[in-house]
Amino acid sequence: MAELVSPSAAGPSYGKTQRRDTWWVEIIPVVVLLGGFGAYATLRAFEGRFYEWGPYLSPLYSPLIDPNHHWWPFSPALLILAGPLGFRVTCYYYRKAYYRAFFLDPPACAVSESRHSYRGETAFPFILQNVHRYFLYLAVLFLVFLWRDAIHAFFFDGSVGVGVGTLVLLGNVILLSIYTLSCHSLRHLSGGKLDCFSCAAFGGPRYKTWQWLSVLNQRHMLWAWASLLSVGFADLYVRLVSCGAIRDVRLH
Amino acid sequence: MAEAVLQIFRGDSKGGAAKECHVPLAPGMVVLDALHYVQAHQLPDLAVRWNCKAGKCGSCSAEVNGHPRLTCKTRMDALPLDKPITIFPMKSFPVIKDLVTDVSWNFRVNKKIPPFQPRAGAEWKFDQKDVDRVQEFRKCIECFLCQNVCHVLRDHGKKEEFGGPRFFVRVAGLEMHPMDGASRAALLRKELGIGLCNITKCCTEVCPEEIHITDNAIIPLKERVVDEFYDPLLMLVRKIRGAK
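Computed from a predicted structure; not experimentally measured.

(A) Geometry of the environment of V23 of chain B. Residues and elements named next belong to chain B. Tracing the chain through its elements places V23 in strand 2 (residues 15–24). A relative accessible area of 0% means that V23 is categorised as buried. Residues within four places of V23 in sequence aside, it is in contact with A2, E3, A4, L6, M29, A34, Y37 and V38.

(B) Seen up close, the state of the cysteines. Throughout the structure, instances matching the rule amount to two disulfides over all chains. The partner cysteine of C109 of chain A in its disulfide is C202 of chain B, sulfur to sulfur 2.1 Å. One disulfide, between C109 of chain A and C202 of chain B, carries an S-S torsion of -90° and so falls in the left-handed class. In this pair, C109 of chain A is assigned in the loop between helix 4 (92–101) and helix 5 (132–152) and C202 of chain B in helix 8 (residues 202–206), connecting two distinct chains.

(C) The packing of helix 9 (residues 213–230) of chain B against helix 10 (residues 232–241) of chain B, seen in detail. Residues and elements named next belong to chain B. Across the interface, helix 9 lies against helix 10 with an axial gap of 7 Å and an inter-helix angle of 60°. As summarised for this structure, helix 9 and helix 10 are arranged oblique, according to the angle between their axes. Facing D227, E228, F229 and Y230 of helix 9, the residues of helix 10 in contact are P232, L234, M235 and R238. A breakdown of the residues in the contact of helix 9 with helix 10 according to their chemical character gives five nonpolar, no polar and three charged.

(D) Expanded view of the interface of chain A and chain B. Across the contact, 54 residues belong to chain A and 62 residues belong to chain B. Where chain A abuts chain B, roughly 5,000 Å² becomes buried across the two surfaces, and 52% of that area is made up of carbon and sulfur atoms. Counting every contact that joins chain A to chain B gives seven salt bridges. Note that D227 of chain B is salt-bridged to R133 of chain A, the shortest N-O span being 2.6 Å. Between the two partners, chain A and chain B, sit 31 residue pairs in polar contact (both at pLDDT 80 or more). For the side of chain A that touches chain B, the secondary structure elements donating two or more residues are strand 1 (4–5), helix 4, helix 5, helix 7 (184–192) and helix 8 (203–217) of chain A. Residues belonging to the side of chain A that touches chain B are distributed by class as follows: 24 nonpolar, 14 polar and 16 charged.

(E) The pattern of salt bridges, seen in detail. Counting across every chain of the model gives 27 salt bridges over all chains. The salt bridge partner of D149 of chain A is R148 of chain A, with a shortest N-O separation of 3.1 Å. Its relative accessible area of 45% is what places R148 of chain A among the partly exposed residues. Via salt bridges that share partners, R133 and K193 of chain A together with E223, D227 and D231 of chain B belong to a single interconnected network.

(F) Quick peek at the confidence of the model for chain A. For chain A, mean pLDDT is 93; residues scoring 70 or higher make up 94% of the total. Here residues 1–6 of chain A is modelled with pLDDT under 50, and outside its nearest four sequence neighbours on either side it reaches 19 contacts, counting other chains as well.

(G) Geometry of the environment of P24 of chain B. With respect to the helices and strands, the residue P24 of chain B is situated in strand 2. For the pair P24 of chain B and D12 of chain B, spaced twelve residues apart in the sequence, the C-alpha separation amounts to 27 Å.

(H) Spatial organisation of the nonpolar core. Ranked by size, the top nonpolar core spans 77 residues in total, and within it L6, I8, L35, M76 and I87 of chain B carry the most contacts. Two domains each provide a minimum of three residues to this core, namely domain 1 (3–101) and domain 2 (104–241) of chain B. Not counting chain neighbours up to four residues away, the residues in contact with I8 of chain B comprise A17, A18, K19, C21, L35, V38, L46, I87 and L99 of chain B. Counting residues in hydrophobic clusters, the runner-up holds 19 residues, among them I27, Y99, A101 and A139 of chain A.

Rules used throughout
- Residues numbered from 1 in each chain as written.
- Chains lettered and ligands numbered in written order.
- Predicted model: local features only at pLDDT ≥ 70, side-chain atom pairs only at ≥ 80, totals over all residues.
- Heavy atoms only, no water.
- Helix = DSSP H or I, 4+ residues; strand = E, 2+ residues; numbered from the N terminus.
- Buried < 20%, exposed > 50% of the residue type's maximum accessible area, 1.4 Å probe, protein only.
- Contact = heavy atoms within 4.5 Å.
- Disulfide = S-S within 2.5 Å.
- Axes fitted to C-alpha atoms, helices over the stretch in contact; angles between N-to-C directions.
- Parallel < 35°, antiparallel > 145°, perpendicular 65-115°, else oblique.
- Nonpolar A, V, L, I, M, F, W, Y, C, P; charged D, E, K, R; others polar.
- Buried area = accessible area lost by both parts, 1.4 Å probe.
- Salt bridge = Lys/Arg side-chain N within 4 Å of Asp/Glu carboxyl O.
- Polar contact = N/O pair within 3.5 Å; in protein donor to acceptor, adjacent residues only side chain to side chain.
- pLDDT = per-residue confidence, 0-100.
- Core = buried A, V, L, I, M, F, W, Y, C linked by side-chain atoms within 4.5 Å.
- Domains from an automatic or database assignment.

Structure, rendered in structure tokens:
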């Protein structure tokens, strides 16, 4: 007989599992990418310069409010970042990612935790995750500004043109739009909340919308990461061009 | 002939130990076949719950190398054979004997859920598109692997406050049914404790029927609870309209 065990009676102890695969590998990219983006975005938000060049405006600073510090003495990014940050923090996909990677709650499936005072999303602060749909409304508003910026990036000193930065900003806003459209709350509000599509007012169009959003929603994780990386890259590109580290190449 | 080494849990709720057994491998063999071989040749009193051996009855749930799985759907040739294969009972439920656990808690939770209640005066006619969603939930075979892997039950032991993914799937099937007239939002929030779920998707990962438990059942139900209890705009609209 091998070692004595009592599977159901054994109390939880952190990291205990019979899994033999490298379950901890799953959380490393999340810690690196999410932690790295968090650190980079924080530094950039406080930097307060190198956020625009020609027709390009960094997505971390859009919409640009009081850039000349008439009434706001700090970086303009600090005025707006709560919107996109709140949308991502309360996002159903990111919740899974950071609960696992940062709170280790659980670190992986069928891997033990040791916390005893678990309250999930029933108490402060995590009960605030329930306001995700309000951050969705804000995110849609931000998208309006970002689309305006992407279109503005086609105009160089009064003439229409295309630079690498134009494509970077356009790609970024497209990915952000897809990420927003794949949101679980939007899927619910668009039609998922209905019990009977054929009985409801505008049931047909709402069903079609819900179906399309459901297709996007199946890849919500992909859009979440792609759009996060594109925001970081777009900001980095504008910063490098703005500070003179690289030159923007005009394609047309 | 190639053989596999199994470490099978032997014991009951008071405790037990892993017993090592050697099983000759055969083409197409699944873990349940290996357990049957052990029963037939080495441990005739080994307790294993099973019925269909076709992934449809949901009886043979266990933890194979630490992964909650149906033993009848886990092929031996998909497992690494360089180390012994551990086969343990589901951790979240009390062991009766060996690999058989007492899952009766689930049936008690089930009784809390108000059954299908037809909408008053509704015409019994609906489109396929109205029941597509619900049909996914009907695939559930009640293997309780999702309940077993859910950390709210497994690690935090919240059996008194939490219903678990299986029953969110059942409630979703009722709530989204076009002919059902009852609201179970308050039940979800209080008795079934849906707020305790932090949507880490382990239930979806282990579901042998590949039901999208988190995306298609739990999150839509969380959104319905938000509609009812956490959205101030909707609450205001309901107040203006004079709805309950």
